Amino acid sequence: MLTIKRVATVVSNYQEDASESPLGCGRNCLGHCCLPVSKLPLYTFKKGVKDSTEAGIEISSEGQPPAAFLNNLLLGQWEDRMSRGLFRYDVTLCETKIIPGNYGFIAQLNEGRHTKKRPTEFQVDRVLQPFDENKFNFTKIGQEEVLFRFEQSKDNNAQYFPVSPVTADSSSSNVVAINVSPIEYGHVLLIPHVLECLPQRIDHGSFLLALRMAKEAADPFFRVGYNSLGAFATINHLHFQAYYLMTPFPVEKAPTQRIIRRGKLTNCGVMISKLLNYPVQGFVFEGGNSLQDLSDAVANSCIFLQNNNIPFNVLISDCGGRIFLFPQCFAEKQALGEVRQELLETLVNPAVWEISGHMVLKRREDYENASEEYAWRLLAEVSLSEERFQEVKDYVLEAAGLKQGADMMEAINERNEEDFNKPPTPRATPTLA
């Protein structure tokens, strides 16, 4: 059974002072009424000259990466919110185990997430939908749920300010807040430009911000995820999720096959592979001459998918150095009655964490009977067919600016396979004069 690694609690740097008169609307929310007059903590990250995609994590003599300041800050603040009773249930009491088998799928029994999680309030057949201020969104949460603001440093130094007034040029801040219905220890939300009320759709700047958070954490057990609408996002307000899990995700161990080595059109150095021997078809992006190059390649692909109404999930792994992109069709198949009833009865929504191999189960019977065969059957319902995946692959490569290089790579692979399958050419027998 997996155990949760705890850290010493750090007293919250944001505490309401009951002696002061309330500002804004008095609800201490994240709306235009309250956020511009708040003094939330601020973490600023440094942007390097080249901003390489290399994580550069130092490993201690015990084989474990040293805890980064951002990790201690995030986890300390997260535990403070737990001690104040801001979560809907205690996720540290949820049972978790590794399912026996070749892949090591992780099963968690989380009955509270089904009964206490906020319901979906929008259509599931449209990936792009306008923001609706009348539905729940993150401007309505209390500032006590916010751990800190997350912004790029103006003087190119990583710094932390326990109290930092929101200025006019940062009034639409990026905030890191707790997920009140957590899946794991340290489960948080990254909400870019919260006051701009952006719908759940990828854009270049926000995706780069998510990559920077993964890189800044500098911990391989800290992953960032994204669910589009139609792929089990439940709130139509732009956000990413992240949490710590002290074991590899099965998808991180899956074999891959290189589709392209180098972008011939943009010369960006991004490498794209496809997953092999995994129940869900997916792409793996890595490399790049800079974090911006890698981010743009993935963001362009995501933008193509959402513009063409193809639901998808994203996992940011290896401190931002490796990104998994999963086009999916579970909701579509469910609407058409093509998903087996036994799988629907489990109430599992295969979003980014489940697709990556962390199965969040809602019923004890499913947890106790969890098997690799069950996980495979469920996730196989998520995957695009081989034919449809090939169509999407061509468009994704074109959107990423890498289609020409991919065509050349595939031609080389085909020639190599043909050469391999040809019978060996007989060697000429030398003749002696």
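Above this note sits the structure.
Numbering of residues begins from 1 in every chain and follows the order in which that chain's sequence is written. A pLDDT threshold of at least 70 governs which residues receive local features in this predicted model, and a stricter bar of 80 or more applies before side-chain atom pairs are shown or counted, although totals over entire chains, interfaces and linings include all residues. The side-chain figures draw on all heavy atoms in the structure; neither hydrogens nor water molecules are used.

Undergrad: What is the right way to read the overall build of the chain from this model?
TA: Runs of E in the DSSP output that reach at least two residues are strands. Runs of H or I that reach at least four are helices, and both are numbered from the N terminus. A tally of helices and strands in the chain yields twelve helices and 15 strands. Exposure categories follow from relative accessible area, calculated using a 1.4 Å probe and restricted to protein chains: below 20% of the type maximum is buried, above 50% is exposed, and the middle band is partly exposed. In the chain, which comprises 433 residues, the proportion classed as buried is 54%. A separation threshold of at least 6 residues defines the contact pool for the chain, and within that pool the share at least 24 residues apart is 74%. Working note: accessible area of the chain is about 19,700 Å², and carbon and sulfur atoms make up 50% of it. Note on contacts: a residue pair is in contact if any heavy atoms of the two residues lie within 4.5 Å. All accessible-area figures derive from a Shrake-Rupley calculation using a 1.4 Å probe, and residue coverage is judged against the displayed protein chains alone.

Undergrad: Which parts of the structure should I look at to understand a negative patch on the surface?
TA: Residues with no salt bridge and a relative accessible area higher than 30% make up the patches, which join like charges within 9 Å and nonpolar side chains (Val, Leu, Ile, Met, Phe, Trp, Tyr) within 5 Å. Any Lys or Arg side-chain nitrogen found within 4 Å of a carboxyl oxygen on Asp or Glu counts as a salt bridge. In this tally, Lys and Arg are treated as positive and Asp and Glu as negative; His is ignored, and so are the chain termini. A single reference atom marks each charge: NZ on Lys, CZ on Arg, CG on Asp, CD on Glu. On the surface, Glu387, Glu391, Asp394 and Glu398 cluster together into a patch of negative charge. Relative to the assigned elements, aspartate 394 resides in helix α11 (residues 386–399).

Undergrad: Looking at this structure, how should I read the environment of aspartate 90?
TA: By the secondary structure assignment, aspartate 90 is in the loop between α1 (69–83) and β2 (96–98). Aspartate 90 gets classed as partly exposed once you look at its relative accessible area, which sits at 33%. In this structure, the C-alpha to C-alpha distance between aspartate 90 and glutamate 184, residues 94 residues apart in sequence, is 9.8 Å. Between N or O atoms, a polar contact is any pair within 3.5 Å; within protein, one atom must be a potential hydrogen donor and the other a potential acceptor, and residues adjacent in sequence are included only when both atoms are from side chains. A polar atom in the side chain of aspartate 90 sits 2.5 Å from the side chain of threonine 92.

Undergrad: Would you take a moment to explain the environment of isoleucine 303 for this structure?
TA: Tracing the backbone through its elements, the reader meets isoleucine 303 in helix α5 (residues 291–307). When the C-alpha positions of isoleucine 303 and histidine 204 are compared, they lie 8.9 Å apart, and in sequence the two are 99 residues distant. The contacts of isoleucine 303, once residues within four sequence positions are left out, are Ile202 and His204.

Undergrad: In this structure, what is going on with the nonpolar core? I would like to understand it.
TA: Among buried residues, the Ala, Val, Leu, Ile, Met, Phe, Trp, Tyr and Cys ones that are joined through side-chain atoms within 4.5 Å form a nonpolar core. Among the nonpolar cores identified, the biggest contains 64 residues, and Phe207 and Phe285 are the most heavily contacted of them. Once residues lying within four places of it in the same chain are set aside, the contact partners of phenylalanine 285 are Val270, Met271, Ile272, Leu294, Ala297, Val298, Ser301, Gly321, Arg322, Ile323, Leu325 and Val396. Tyr103, Leu109, Val280 and Leu379 belong to the second largest nonpolar core, which has 38 residues in total.

Undergrad: Is there a simple way to explain the packing of α1 against helix α3 (residues 204–217) in this structure?
TA: The axes of two packed helices give the description: the angle between them and the distance between them. All axes are obtained by fitting lines to C-alpha atoms, using only the stretch in contact for helices, and the reported angles, taken between N-to-C directions, cover 0 to 180 degrees. Running from amino to carboxyl end, α1 crosses α3 at an angle of 100°, the nearest separation of the two axes being 7 Å. The angle between α1 and α3 falls in the class roughly perpendicular. When α1 is examined against α3, the residues Leu70, Asn71 and Leu74 are found in contact with a partner set consisting of Met213, Glu216 and Ala217. Across the contact of α1 with α3, the residue classes tally to four nonpolar, one polar and one charged. Roughly parallel means an angle under 35 degrees; roughly antiparallel, over 145; roughly perpendicular, 65 to 115; everything else is oblique. For this classification, the nonpolar set comprises Ala, Val, Leu, Ile, Met, Phe, Trp, Tyr, Cys and Pro, the charged set comprises Asp, Glu, Lys and Arg, and every other residue, Gly included, is treated as polar.

Undergrad: I would appreciate a short explanation of the pattern of salt bridges in the present structure.
TA: Side-chain pairs of opposite charge can arise whenever the charged atoms involved come near each other. Per the stated rule, a full pass over the model turns up 13 salt bridges. The partner of arginine 377 in a salt bridge is glutamate 373, and the shortest N-O contact between them spans 2.5 Å. Residue arginine 377 and its partner glutamate 373 are located together in helix α10 (residues 372–380), separated by four residues, close to a single helical turn. The network of salt bridges with common partners includes Asp80, Arg81 and Arg84.

Undergrad: What should I look at first to understand unusual backbone geometry in this one?
TA: Even without being a glycine, asparagine 277 presents a positive backbone phi close to 50°. Looking at where asparagine 277 falls in the secondary structure, it is placed in the loop between β11 (270–275) and β12 (283–287). Owing to a relative accessible area of 56%, asparagine 277 belongs among the exposed residues under this scheme. Unusually for a residue other than glycine, leucine 347 sits at a positive phi of about 65°.

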